[in-house]
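Here's the letter readout for the chains.
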Amino acid sequence: VNHAFVAGYPIKHSRSPLIHGYWLKSLALEGSYGAQAVSPEALVGFLQSLRDGTSGFGGGNITIPHKERAFSLCDRPDDLSRELGAVNTLWLKDGLLHATNTDGYGFTTNLDERAAGWDHCDTAVILGAGGASRAVIQAVRDRGVKTIHVVNRTLEKARELADRFGPSIRAQAMGEMPDLMKGAGLFINTTSLGMDGTPVPQIDFTTMAKGAVVTDIVYVPLKTPLLAQAETQGLRIVDGLGMLLHQAAPGFEKWFGRRPVVDAALRQVIIDDM
Ligand code: ATR
């Protein structure tokens, strides 16, 4: 019987126990998946108890604010997470902590499911250069989109990501947005813009390429202010909930040995909990 966790601080808002609990039940598997409040001071000790087997866990998820430090502290991060410098999925093997990052997989799998062909574009515009944008930038680049404009209020942070992820990434200031949107095939919001009641800038999505896709990695609310704008302007929109659901699947398979399915009923379980 396997036991897994999600470790973060704070942790009470995490939806992961609901997702993994749904899969454990629907696949009739024994085992558990629980939330662990792990403070920054406690992280080293928590990971050590995982490594030496005293925690009783076979692995788990790492969430905010520990993704970067868990990367530094684990033993065998894969290539993908080494480039990102952040991990969200850990598993124990032969006394060593292996790790990867499934956020990019979740992002692309959600778009594949809901907007097939999204990657057949030359140009993407990504708003935001925070921690959450990194896996998205890497994933879009790895799907072959040639030019990826990273637009950020603080230009320096976008520049750092362009340095990290290579020449297809272009750092851009907010003022460039109207020009960059012209002919772009994909727009991704990775910021919390509008979530805190501050006014949301008007974005003209109508100049994007025919069939362009607009998506958000925020999923509360399901239809963010930017998605609502894009929909009103006639764009194809994809909400961020599927990214959350799909990023969970590879970890579940590692810990519990079965590949779970992301279905409409699971999506509804999370929506009902909002
Ligand atoms: P996360 O890890 O969730 O991405 P973060 O690292 O704090 O969080 O990044 C938040 C992102 O939203 C950043 O790109 C931030 O822009 P800055 O780098 O300039 O801070 C962006 N952001 C947040 N509030 C914003 C606002 N009111 N206007 C424009 N960008 C905003």
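Note that this is a predicted model, so its numbers are computed, not measured.

What counts as what
- Residues numbered from 1 in each chain as written.
- Predicted model: local features only at pLDDT ≥ 70, side-chain atom pairs only at ≥ 80, totals over all residues.
- Heavy atoms only, no water.
- Pairing = 2+ DSSP bridges.
- Helix = DSSP H or I, 4+ residues; strand = E, 2+ residues; numbered from the N terminus.
- Contact = heavy atoms within 4.5 Å.
- Axes fitted to C-alpha atoms, helices over the stretch in contact; angles between N-to-C directions.
- Core = buried A, V, L, I, M, F, W, Y, C linked by side-chain atoms within 4.5 Å.
- Buried < 20%, exposed > 50% of the residue type's maximum accessible area, 1.4 Å probe, protein only.
- Domains from an automatic or database assignment.
- Salt bridge = Lys/Arg side-chain N within 4 Å of Asp/Glu carboxyl O.
- Polar contact = N/O pair within 3.5 Å; in protein donor to acceptor, adjacent residues only side chain to side chain.
- Nonpolar A, V, L, I, M, F, W, Y, C, P; charged D, E, K, R; others polar.

As a further point, take the sheet that holds strand S6 (residues 96–100). Spatially, S2-S1-S3-S5-S6-S4 is the arrangement adopted by the six strands of the open sheet, whose pairing is mixed. The open sheet terminates on both sides in strands that have one partner only, identified here as strand S2 (32–37) and strand S4 (76–77). Bridge count for strand S3 (residues 59–62) against strand S5 (residues 89–93) is three bridges, and the pairing is antiparallel. By the bridge assignment for S5, glycine 60 is matched with leucine 90. Relative to S5, helix H2 (residues 43–51) is tilted by about 40 degrees, and along the sheet it contacts strand S1 (3–8), S2, S3, S5 and S6. Strands in contact with helix H10 (residues 241–256) are S1, S2, S3 and S5; relative to S5, the strand with the most contacts, it is inclined by about 15 degrees.

Moving on, we come to the nonpolar core. Counting residues in each nonpolar core, the largest one holds 27 residues, and the members touching the most others are Phe107, Val136, Val140, Leu186 and Ile188. Not counting chain neighbours up to four residues away, the residues in contact with isoleucine 188 comprise Phe107, Val125, Ile126, Leu127, Val136, Val140, Thr215 and Ile217. One finds Val6, Leu241, Leu245 and Leu266 within the second-largest nonpolar core, a separate group that totals 21 residues.

Before going further, it helps to spend a moment on the domain arrangement of the protein chain. Here the protein chain is described as being made up of domain 1 (3–101 + 242–273) and domain 2 (104–239). Between domain 1 and domain 2 we count two salt bridges in total. Of the charged contacts in the structure, one is a salt bridge between aspartate 239 and arginine 267, with a shortest N-O distance of 2.8 Å. Seen at the junction of domain 1 and domain 2, the total is eight residue pairs in polar contact (both at pLDDT 80 or more). Those elements giving two or more residues to the side of domain 1 that touches domain 2 turn out to be helix H4 (79–84), H10 and helix H11 (264–273). No other element matches H10, which puts six residues into the side of domain 1 that touches domain 2. A per-class count over the side of domain 1 that touches domain 2 returns six nonpolar, five polar and four charged.

Turning our attention to the sheet that holds strand S9 (residues 169–172). The strand order S9-S8-S7-S10-S11-S12 describes an open sheet built from six strands, whose pairing is parallel. Among the strands making up the open sheet, the edge pair consists of S9 and strand S12 (236–238). Averaged over all neighbouring strand pairs, the angle between strand axes comes to 20 degrees, with direction disregarded. Bridge count between strand S11 (residues 213–216) and S12: three bridges; the pairing is parallel. Counterpart to valine 214 in the pairing with S12 is isoleucine 237. Along the sheet face, helix H7 (residues 155–165) touches strand S8 (147–151) and S9 and points at about 170 degrees away from the line of S9.

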